[in-house]
Amino acid sequence: MSEPVRNDARFARPPYLSGVELVSVQYSERTFPEHSHAEWVVGAIMTGCEALAVGGKTYEVQTGQVLRLHPNQPHANRTTGGETLRYRVAYIPDEAIRPYIAGRMNAPRFDSPVLAGERSHSIFADAHALLCRDDAGRLEQESALADLVGVLFADQVKQSSDDTWVSSDAVARARSYIDAHFADGFGLRTLSTVSGISVFHLARSFRKAVGITPLAYRNQCRIVAARRLLLAGQPIAEVALDVGYADQSHLTRQFQRIVGVSPARYANR
């Protein structure tokens, strides 16, 4: 007979995102009385199911679904069914969200606390996992927060005429900054200042114009520089620091993802 699953909760607080808290929980049997959180709440059910009571209604939030709550919104929740409930949740202060929605929503809100959709669930899970990592830098963390905000308001972002407009000059300024500073620890908000447009608009415009996100472009610049330094015979540990990674293992992970082999194998070939 298998042992019962131990109730557990793990916390992470990304150093570059003031006030943001990530929680990973697993419960076999747990009930929370009515309460609220001061922050925006966005979470995803990984396995199991929970009953979420909010606004006089009870919602069954199932595996693959996302849950969302406004700041200070009273709610109660409990596990349901026989499967262990595992979910990930992010608590995001309003002041952390504002730069990412500037000019898009005057009074951000959503009608339902439950959001279905495999894509939203996948984006949330990836962003949450990244923010729980110890080696994530400022650009990684701010980009992940942008993804969380996108999931939080996935069905509420209002379209406007500038959604189809790409500021070529603004994107060029951001791209030039990355080209010159790819080894530095800048974030999305720095790129927003450099480009002269909002974080939200920058993220959309950059991807539309360049084909990849600012984070992916920064990583690409780092790997291009790393390949050149490796072929020149520079030690891998030194290369990692020179192109902006925290250590050799961080470079190795990114290098294998993009090039397909380790830095050592690449240099030896």
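So, here is what we can say about the structure in this document. (Residues numbered from 1 in each chain as written. Predicted model: local features only at pLDDT ≥ 70, side-chain atom pairs only at ≥ 80, totals over all residues. Heavy atoms only, no water.)

## Topic: the pairing of strand β2 (residues 21–27)
Consecutive residues of a regular strand have side chains that alternate between opposite faces of the sheet. Note the threshold: The buried label applies to any residue whose accessible area, calculated with a 1.4 Å probe on protein chains only, is under 20% of its type's maximum; exposed applies above 50%, and partly exposed to all values in between. Secondary structure elements follow DSSP: runs of H or I of four or more residues count as helices, runs of E of two or more count as strands, with numbering from the N terminus. At least two DSSP bridges between two strands are needed for those strands to be called paired.
Counting buried residues in β2 gives five out of seven residues, a clear majority hidden from the surface. Pairing between strand β1 (residues 8–12) and β2: five bridges, direction antiparallel. Note that in β2 the partner of Arg10 across the bridge is Ser24. Pairing geometry for β2 and strand β9 (residues 85–92), over seven bridges, is antiparallel. Considered in β9, the bridge of Val25 is made with Tyr87.

## Focus: the layout of surface pockets
For the record, the criterion: Definitions used throughout: a 1 Å grid over protein atoms alone; a cavity as a set of points that fits a 1.4 Å probe which cannot get out; a pocket as an open set with protein on both sides within 12 Å along at least five of seven lines; a lining residue as one with an atom within 4 Å of a point. Grid points are joined across faces, edges and corners, and a volume is the space filled by probe spheres set on the points. Asp, Glu, Lys and Arg are counted as charged, while Ala, Val, Leu, Ile, Met, Phe, Trp, Tyr, Cys and Pro are counted as nonpolar; the rest, among them Gly, fall into the polar class.
Taken as a whole, the largest pocket holds about 1400 Å³ of empty space. Residue lining of the largest pocket: 36 residues in total, with Ile123, Ser143, Asp147, Arg207 and Thr213 positioned closest to the centre. Breaking the lining of the largest pocket down by element, the ones donating at least two residues are α2 (118–131), α3 (138–152), α6 (199–210), α7 (214–231) and α9 (248–259). Tallying contributions element by element places α3 first for the lining of the largest pocket, with eight residues. Tallied by class, the residues present in the lining of the largest pocket amount to 19 nonpolar, eight polar and nine charged.

## Thoughts on the sheet that holds β9
Strand order in the open sheet made by the six strands is β1-β2-β9-β4-β7-β10, with antiparallel pairing throughout. Each of the sheet's edge strands pairs with one partner strand only, and the pair in question is β1 and β10 (114–115). Direction of pairing for strand β4 (residues 40–47) relative to strand β7 (residues 66–69): antiparallel, over a ladder of four bridges. In the strand pairing of β7, Val41 is matched with Leu69.

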